[in-house]
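Descriptive analysis of the structure
Listed below, chain by chain, are the residues.
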Amino acid sequence: MTDSIYRSVVEDQTELIRRFRPDGKLTFVNSAFCRFYGMSADELLTSHFQELLHPDERERIVRMLYSLTPENPEIVTEPSFTDAAGEVHHVQYVTRAIFDDDGNVVEYQSVGRDVTAQRQAEATLEEARSAMERASRVTTFAVVGGGIAHEINQPLNAIRLLAASALLLKDRSENPDKKIVRILQNIAGQVDRIDSIVNHLREHLRNNQTVTGELCNLGKAVQSALSLMRAQMVARGIGLELTVDPEIKLVVGTCIRFEELVMNLVANAMQALETCDTCQKTISIRVVPQGADSVELSVADNGPGFDPKLAEELFEPFFSTKSPGSSMGLGLSIVRTIVQSAGGSVVAENRPEGGALLRVILPAESGGV
């Protein structure tokens, strides 16, 4: 292709096209490139491509481009650019090095496109996802709030009784020291219990819970989550059937996140049982191995179940089969988010004997238990 034909073809492209020498001096830019950077071709062809890079990105991108070889001649970069109005743009360039017969770089050619709108949409989506997670945590704790209050009131009442007993011993006993010491030790234990509950809540309410590389015993995560919800289940007359296989492998992820997963699943089951006339309301939880490299967590209830046509919609944000105002419809959406971020899967199905079953499959760590 002659140079004139080449130029006529690339001039009509909407992509940003540039060519530059090994020293960085631009040798060709098309019209789209000029419009994007707000400069004429004459201005650009007297400059170097490095001059269009943000100072904080310049060294890294130049090093990446100059590392190209005949074996690896192409690279993708995404530099930012601030225009005359002060708006920041992101450009995705695919740059290819052109070599001579001896393997020396003769020239570089880049084809770029403005991906600013895409990156802004991704940032907005991430912000919305984070907001949804925060809202879900608040919703979950609203459901278990009564249980949490009960959990804290129990040690507080114990402290009150123990303190009263210590005062009575002091007034009525001739040698109360040993008994009072034992009572004070019990009081300290109850205070530690309250402190543990409060710290556990703080962990759950933290906005940023993204921790990579951790390992979690899913059975212990289930037990920890149930410690915050068991009293609420009792208050609603709901029985619990819990099966945890001691041979399950560790799963990769943050235990706090898996506890939140369990709380959302149990809260969903409790809500499903609210309108159930079953004599004995029951939630069944199982944590068992699934093949050689996975762990299954299942939460089932003996409520009314759901319309099978809604099996996928159940996991959509703000979708709810509950009465208006009784649920935000975020619980199962956040369940899917947590499961997918851990590389797992979740499905909802109706039980043959009645009620709903949610099955979570999580990849397990290779190796020991």
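Note that the structure is a prediction, hence the values are computed from the model and not measured. (Residues numbered from 1 in each chain as written. Predicted model: local features only at pLDDT ≥ 70, side-chain atom pairs only at ≥ 80, totals over all residues. Heavy atoms only, no water.)

Brief notes about the overall build of the protein
- Counting its secondary structure elements, the protein contains 9 helices and 13 strands.
- Relative to its 369 residues, the protein shows a buried fraction of 41%.
- At a minimum sequence separation of 6, the contacts of the protein that also span at least 24 residues come to 60%.
- Accessible area for the protein stands at about 20000 Å²; split by element, carbon and sulfur atoms hold 53% of it. (Helix = DSSP H or I, 4+ residues; strand = E, 2+ residues; numbered from the N terminus. Buried < 20%, exposed > 50% of the residue type's maximum accessible area, 1.4 Å probe, protein only. Contact = heavy atoms within 4.5 Å. Areas by Shrake-Rupley, 256 points an atom, 1.4 Å probe, with all protein chains shown as cover.)

Some details on the state of the cysteines
- All chains considered together, the criterion is met by 1 disulfide.
- The side chain of Cys-216 participates in a disulfide bridge whose partner is Cys-255; the two sulfur atoms lie 2.2 Å from each other. Because the torsion about its S-S bond is 120 degrees, the bridge between Cys-216 and Cys-255 counts as right-handed. One end of the pair, Cys-216, is in strand β7 (residues 215-216); the other, Cys-255, is in helix α8 (residues 255-272), and 39 residues separate them in sequence.
- Here Cys-216 falls in the buried class, since its relative accessible area comes to 0%.
- By relative accessible area, Cys-255 is classed as partly exposed at 24%. (Disulfide = S-S within 2.5 Å.)

With respect to the pattern of salt bridges
- For the structure on display, the rule yields 10 salt bridges.
- A salt bridge links Arg-19 to Glu-107; its shortest N-O distance comes to 2.6 Å. Of this pair, Arg-19 sits in strand β1 (residues 16-20) while Glu-107 is found in strand β6 (residues 105-114), placing the two residues 88 residues apart along the sequence.
- Residue Arg-19 is classed as buried on the basis of its relative accessible area, which comes to 18%.
- One salt bridge connects Glu-296 with Arg-359, and the closest N-O pair in it is separated by 3.2 Å. In this pair, Glu-296 sits in strand β11 (residues 294-301) while Arg-359 sits in strand β13 (residues 356-363), placing the two residues 63 residues apart along the sequence.
- For Glu-296, a relative accessible area of 8% gives the class buried.
- Linked by salt bridges that have partners in common, Glu-78, Arg-119 and Glu-122 make up one network. (Salt bridge = Lys/Arg side-chain N within 4 Å of Asp/Glu carboxyl O.)

Points about the packing of helix α7 (residues 218-235) against α8
- Their axes nearest at 8 Å, the elements α7 and α8 cross at an angle of 40 degrees. Considered as vectors, α7 and α8 are oriented oblique to each other. The two elements α7 and α8 meet at a crossing, and its hand is right-handed. In contact with Leu-218, Ala-221, Val-222, Ser-224, Ala-225, Leu-226, Leu-228, Met-229, Gln-232 and Met-233 of α7, α8 contributes Cys-255, Phe-258, Glu-259, Val-262, Met-263, Val-266, Ala-267 and Met-270. (Axes fitted to C-alpha atoms, helices over the stretch in contact; angles between N-to-C directions. Parallel < 35°, antiparallel > 145°, perpendicular 65-115°, else oblique. Left-handed = near helix turned anticlockwise from the far one by under 90°.)

So, empty space enclosed by the protein
- Under the definition given, this model contains 1 cavity of 30 Å³ or more.
- Contributing to the lining of the largest cavity are Arg-18, Tyr-37, Phe-49, Leu-52, Leu-53, Pro-79, Ser-80, Phe-81, Val-91 and Tyr-93.
- Partitioned by chemical class, the residues of the lining of the largest cavity number 8 nonpolar, 1 polar and 1 charged. (1 Å grid on protein atoms, 1.4 Å probe; cavity = no way out; pocket = protein on both sides within 12 Å on 5 of 7 lines; lining within 4 Å. Points joined across faces, edges and corners; volume = space filled by probe spheres on them. Nonpolar A, V, L, I, M, F, W, Y, C, P; charged D, E, K, R; others polar.)

Quick notes on the nonpolar core
- Residues Leu-218, Phe-258, Leu-261, Leu-265, Val-266, Ile-283 and Leu-297 are the most contacted members of the largest nonpolar core, which totals 44 residues.
- Taken together, the elements giving at least two residues each to this core come down to α7, α8, β10 (281-289), β11, α9 (331-341), β12 (345-350) and β13.
- Residues contacting Phe-258, with those up to four places away along its chain left out, are Cys-216, Leu-218, Ala-221, Val-251, Val-252, Gly-253, Ile-338, Ala-342 and Leu-362.
- The next biggest cluster of nonpolar side chains, apart from the first, holds 23 residues, and it includes Phe-20, Ala-32, Phe-36 and Leu-52. (Core = buried A, V, L, I, M, F, W, Y, C linked by side-chain atoms within 4.5 Å.)

Here we look at α7
- In this model, α7 (18 residues) spans 26 Å end to end at C-alpha, consistent with the 26 Å of a helix rising 1.5 Å per residue.
- A bend of about 50 degrees at Leu-228 is the largest found in α7.
- Among all positions in α7, only Leu-218, Gly-219, Ala-221, Val-222, Ser-224, Ala-225, Leu-226, Leu-228, Met-229, Ala-231, Gln-232 and Met-233 are buried.
- The backbone nitrogen of Gly-219 has a side-chain oxygen 2.9 Å away, supplied by the residue at the start of α7, namely Asn-217.
- Residue Gly-237 follows α7 closely and has a positive phi angle near 70 degrees. (Expected span 1.5 Å × (residues − 1). Bend = angle between axes of the 7 residues up to and from the residue. Polar contact = N/O pair within 3.5 Å; in protein donor to acceptor, adjacent residues only side chain to side chain.)

Honestly, it's all geometry; don't read function into it.
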